[in-house]
Amino acid sequence: MRLKRVCIYGAGAIGGWLGVALARAGCELSAVARGQTLAALQHNGLTLVHGQECETVAVNAQQDPAALGVQDVVVIAVKAPSMPDVARAVAPLLGPQTLVLTAMNGVPWWFLAGGVDAGLRGLQLRAVDPQGEIARAIPTGQVLGSVVHASCSLDAPGVVRRHFGNSLIVGEPTALPGDAPTPRLLALAELLRAGGIEVRLSDNIQRDAWYKLWGNMTMNPVSAITGATTDRILGDELVRNFITAVMLEAREIGARIGLPIADSPQDRHQVTLKLGSFKTSMLQDVEAGKPVELDALVGAVREMGAMCGMSTPFTDALLGLTRLRAQQLGLYPL
């Protein structure tokens, strides 16, 4: 399968990290960007910094996707609140064979396409795609999902710093138990590996996304409310107990939808504590005055609980408090 023309839609930290890797693998790299990022990419290219290493690659950056034309691969690496805008603009990049790789936090619009209990399969998640606009614009049959395990940040527009981690889990959203990896999944994995990314194929990308979400869905909102780093959050016994209660609800939802988690919340707390003191992505968004991706991290979990007929009082409280805080800051719609 020929995968040569690649476009990054959302050339931020994660999109930039993947873009440099794909250029390194020999792809013709383009990007949809705007503002300072567009100017930086057009004048300076895309740069990745890791330790003492610095690598810059050429990129054809445009604000209008129509200027780039149909691609072999489109990597969508935007925050969930930006997805409706992407859905309205992405059509010129997509041909019948174009692969769309999502590299996003939380629950994506395609989450119930496969990999979950048959009773939920194919249902629409209104928390992340209220009108079905995203699903209509980006056919699920062309999507490959991923779970990012890399910590990256922006030193400046178009300049990405990778701190730790360099891996990506990729899988077919519509895969069912026992399905073999598809040729297109194998081709994309080979391309990413050629660019230096550590790739693992998933036989259930929903399971892998759910496990990562299980930790992110609490630490991110609590940090947005409190302004505290993760070590301070878990260092407060009362807050830690509240987070544990939310995680137990989410673990039960996972068990009911076919995505069980064997770990305890305490196991996950220890993993988070080993990362030291850091600001979550949602806290960084709050401090930068950017919309928060609350629906993809918490709202969708609450919605799936309701689909299972499950009461989620602790998740409800987390969603309500964070939503109110974000609305007060103008970072979440009223």
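In case you missed it, the structure is sitting above this.
Residues numbered from 1 in each chain as written. Predicted model: local features only at pLDDT ≥ 70, side-chain atom pairs only at ≥ 80, totals over all residues. Heavy atoms only, no water.

Draft legend 1. Summary view of the state of the cysteines. Following the criterion strictly, the structure yields zero disulfides and no others. Cysteine Cys7 shares no disulfide, and the gap to the nearest cysteine sulfur, in Cys27, comes to 12 Å. By relative accessible area, Cys7 is classed as buried at 0%. (Disulfide = S-S within 2.5 Å. Buried < 20%, exposed > 50% of the residue type's maximum accessible area, 1.4 Å probe, protein only.)

Draft legend 2. Highlighting the pairing of strand β3 (residues 46-50). Counting buried residues along β3, four of its five residues qualify, which places the element largely inside the surrounding structure. In terms of strand pairing, β3 meets strand β4 (residues 53-57) through five bridges, oriented antiparallel. Directly across from Thr47, in β4, lies its bridge partner Thr56. Linking two consecutive strands that pair antiparallel, namely β3 and β4, is a turn of two residues; a positive phi of about 60° is found at Gly51 within it. Judged from the three bridges that link them, β3 and strand β9 (residues 159-171) form a sheet pairing that is parallel. Residue Leu48 lies in a different strand from β9, and its bridge partner there is Val160. (Helix = DSSP H or I, 4+ residues; strand = E, 2+ residues; numbered from the N terminus. Pairing = 2+ DSSP bridges.)

Draft legend 3. Up close: the environment of Asp179. Position of Asp179 relative to the elements: it lies in the loop between β9 and α5 (183-194). Look at Asp179 and you get partly exposed, because its relative accessible area is 41%. Counting along the chain gives 95 residues from Asp179 to Pro84, while the straight-line C-alpha distance between them is 31 Å. A distance of 2.8 Å separates a polar side-chain atom of Asp179 from the backbone nitrogen of Leu176. (Polar contact = N/O pair within 3.5 Å; in protein donor to acceptor, adjacent residues only side chain to side chain.)

Draft legend 4. The arrangement of a nonpolar patch on the surface in detail. On the surface, Phe164, Leu275 and Phe278 cluster together into a nonpolar patch covering about 280 Å² of accessible area. Mapped onto the elements, Phe278 comes out in the loop between α9 (265-274) and α10 (281-288). The class of Phe278 is partly exposed, set by a relative accessible area of 30%. (Patch = residues over 30% accessible without salt bridge, like charges linked within 9 Å, V, L, I, M, F, W, Y side chains within 5 Å. Areas by Shrake-Rupley, 256 points an atom, 1.4 Å probe, with all protein chains shown as cover. Salt bridge = Lys/Arg side-chain N within 4 Å of Asp/Glu carboxyl O.)

Draft legend 5. Layout of helix α8 (residues 237-256). Helix length check: α8, at 20 residues, gives a terminal C-alpha distance of 29 Å against a target of 28 Å (1.5 Å per residue), a fit within 8%. Residues of α8 that are buried include every one of Ile243, Thr244, Ala245, Val246, Met247, Glu249, Ala250, Ile253 and Gly254, and no others. Buried residues along α8 sit in contact with α6 (205-226), α7 (230-235), α9, α11 (294-307) and α12 (313-328). For α8, the capping residue at the N-terminal end is Asp236, with a side-chain oxygen 3.0 Å from the backbone nitrogen of Leu238. Two residues or fewer past α8, Gly258 is found with a positive phi of approximately 90°. (Expected span 1.5 Å × (residues − 1). Contact = heavy atoms within 4.5 Å.)

Draft legend 6. Here's a closer look at the packing of aromatic side chains. Taken as a whole, this structure holds three aromatic pairs when the rule is applied. Geometrically, the ring pair formed by Phe111 and Trp210 is tilted, given 6.2 Å between the ring centres and 35° between the ring planes. Pair noted here: Phe111 is in the loop between β7 (99-102) and α4 (133-137) and Trp210 is in helix α6, with a separation of 99 residues, a long-range link. For Trp210, a relative accessible area of 1% translates into the label buried. In this structure, Arg268 is placed above the aromatic ring of Tyr211, and the distance from its NZ or CZ to the ring centre is 4.8 Å. (Phe/Tyr/Trp six-rings, centres within 6.5 Å; stacked < 30°, edge-to-face > 60°. Lys NZ or Arg CZ within 6 Å of the ring centre and 35° of its normal.)

Draft legend 7. Representation of the pattern of salt bridges within the structure. For the structure shown, the criterion picks out 13 salt bridges. Note that Arg2 is salt-bridged to Asp72, the shortest N-O span being 3.3 Å. Of this pair, Arg2 sits in the segment before β1 (5-9) while Asp72 sits in the loop between β5 (60-62) and β6 (73-76), and the two are 70 residues apart along the sequence. On the basis of relative accessible area, Arg2 is assigned to the exposed category, the value being 58%. Look at Asp72 and you get buried, because its relative accessible area is 18%.

Draft legend 8. Looking closely at empty space enclosed by the protein. The final tally for this structure, using the stated rule, is two cavities of 30 Å³ or more. Counted as a void, the largest cavity has a volume near 40 Å³. Taken together, Gly215, Thr218, Met219, Ile243, Met247, Arg268, His269 and Thr272 make up the lining of the largest cavity. Secondary structure elements with two or more residues in the lining of the largest cavity: α6, α8 and α9. Among the residues forming the lining of the largest cavity, the class breakdown is three nonpolar, four polar and one charged. When its volume is computed, the second largest cavity comes out at roughly 30 Å³. What lines the second largest cavity is Ile8, Ala11, Leu29, Ala31, Leu41, Leu46 and Val59. Across the lining of the second largest cavity, the residue classes break down as seven nonpolar, no polar and no charged. (1 Å grid on protein atoms, 1.4 Å probe; cavity = no way out; pocket = protein on both sides within 12 Å on 5 of 7 lines; lining within 4 Å. Points joined across faces, edges and corners; volume = space filled by probe spheres on them. Nonpolar A, V, L, I, M, F, W, Y, C, P; charged D, E, K, R; others polar.)

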